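The chain contents come next:
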Amino acid sequence: MSAGPRTPSRAVRAGAPSIGPAVPAWTIGAVGLVAGVVGSAVVIGASGWLVIAIVLAVAAAVFPRGPFAALLVVQLAIAGLSGTNPPVLVLTTHLVLATGLLWAWTPRTARVQLRALRPSALRFALVQVGAQAVGFVVVAVFGEAGPIGGVWLAVAGAVALLALALGLFLPVLLRAGAGDGR
């Protein structure tokens with residue numbers, strides 16, 4: 001008994017599914033690399049330390065699960081104590097860490113939907129707005145962010161980020177605890 005010609009399944013007839021606008025995963029690492037190099041050039045300036053910062057930025061892009069992004073952020077924070085362009089310092093360190101965290105857990109050959117990056121981008125923007133506002137107030141109160149102002153900028157930024165983290169995560173943790181029946 002012949003079943004006749006086989007008709008292709010509906011999935012085959014429809015073709016590959018459309019996942020929406022997507023970018024290669026390596027672009028996440030590339031954004032971190034560009035942020036690290038440009039931010040280092042602005043914050044550190046032309047010196048031997050800039051070469052080390054560029055090497056760390058490249059290493060962070062090539063080996064995203066290594067300590068290189070964190071080392072670059074530490075180097076930039078130390079260089080930022082001289083008071084060189086605090087807004088760029090805050091933006092650069094945050095962007096290097098944010099892209100490093102995303103890039104570390106994304107397969108290199110993957111395609112990432114832009115829609116999937118939206119929550120991370122919104123969190124990034126919210127933290128930047130808060131941190132830049134705190135930085136502006138601290139610099140306005142303490143004048144130029146020299147060695148003393150830079151330390152206060154770091155302390156105020158840490159307090160602002162802690163408050164933001166508590167504001168974001170405390171309601172989630174409380175809901176999770178209430179759901180356990182405790």
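Residues numbered from 1 in each chain as written. Predicted model: local features only at pLDDT ≥ 70, side-chain atom pairs only at ≥ 80, totals over all residues. Heavy atoms only, no water.

Peer 1: Run through the overall build of the chain, naming residues and quoting values.
Peer 2: Counting secondary structure elements, the chain contains seven helices and two strands. Along its sequence from the N terminus, the chain presents helices and strands in the succession α-β-α-α-α-α-β-α-α. Burial analysis of the chain (182 residues in total) assigns 28% to the buried set. Sequence-distant contacts, at least 24 apart, represent 73% of the contacts inside the chain between residues at least 6 apart. Entry remark: accessible area of the chain is about 11800 Å², with carbon and sulfur atoms responsible for 75%. (Helix = DSSP H or I, 4+ residues; strand = E, 2+ residues; numbered from the N terminus. Buried < 20%, exposed > 50% of the residue type's maximum accessible area, 1.4 Å probe, protein only. Contact = heavy atoms within 4.5 Å. Areas by Shrake-Rupley, 256 points an atom, 1.4 Å probe, with all protein chains shown as cover.)

Peer 1: Can you tell me about the nonpolar core, naming the residues and giving the values?
Peer 2: Counting 14 residues, the largest nonpolar core has Ile44, Leu72, Leu76 and Val96 as its most contacted members. Taken together, the elements giving at least two residues each to this core come down to α2 (26–44), α3 (48–62), α4 (68–80) and α5 (86–104). When residues of this core are assigned to their parent elements, the largest contribution, five residues, is made by α3. Discounting residues that sit within four places of it in the chain, isoleucine 44 has contacts with Trp49, Leu50, Ala53, Gln75, Leu76 and Ala79. (Core = buried A, V, L, I, M, F, W, Y, C linked by side-chain atoms within 4.5 Å.)

Peer 1: Break down the packing of α2 against α4 for me, citing the residues and quoting the values.
Peer 2: Packing of α2 against α4 leaves a shortest axis separation of 10 Å and a crossing angle of 20 degrees. Classified by the angle between their axes, α2 and α4 sit roughly parallel to one another. Once α2 is placed against α4, the crossing between them reads as left-handed. Across the interface between the two elements, Gly36, Gly39, Ser40, Val43 and Ile44 of α2 pack against Leu72, Gln75, Leu76, Ala79 and Gly80 of α4. (Axes fitted to C-alpha atoms, helices over the stretch in contact; angles between N-to-C directions. Parallel < 35°, antiparallel > 145°, perpendicular 65-115°, else oblique. Left-handed = near helix turned anticlockwise from the far one by under 90°.)

Peer 1: Let's hear about the side chain of serine 40: which residues, and what values?
Peer 2: Here serine 40 lies in helix α2. A distance of 2.5 Å separates a polar atom in the side chain of serine 40 from the backbone oxygen of glycine 36. Leave out the neighbours within four places in its chain, and serine 40 touches Ala35, Gly45, Leu50, Ala53, Leu72 and Leu76. (Polar contact = N/O pair within 3.5 Å; in protein donor to acceptor, adjacent residues only side chain to side chain.)

Peer 1: Any details on the packing of aromatic side chains? Residues and values, ideally.
Peer 2: Counted under the stated rule, the structure contains one aromatic pair. When the ring of phenylalanine 63 is compared with that of phenylalanine 68, the centres are 6.3 Å apart and the planes differ by 50 degrees; the resulting orientation is tilted. For phenylalanine 68, a relative accessible area of 25% puts it in the partly exposed group. (Phe/Tyr/Trp six-rings, centres within 6.5 Å; stacked < 30°, edge-to-face > 60°.)

Peer 1: So what's going on with the confidence of the model for the chain? Residues and values would help.
Peer 2: In this model, the chain carries a mean pLDDT of 76, and residues with pLDDT of at least 70 account for 70%. Averaged pLDDT values for the elements of the chain fall to 50 in helix α1 (residues 10–14) and rise to 89 in α3. (pLDDT = per-residue confidence, 0-100.)

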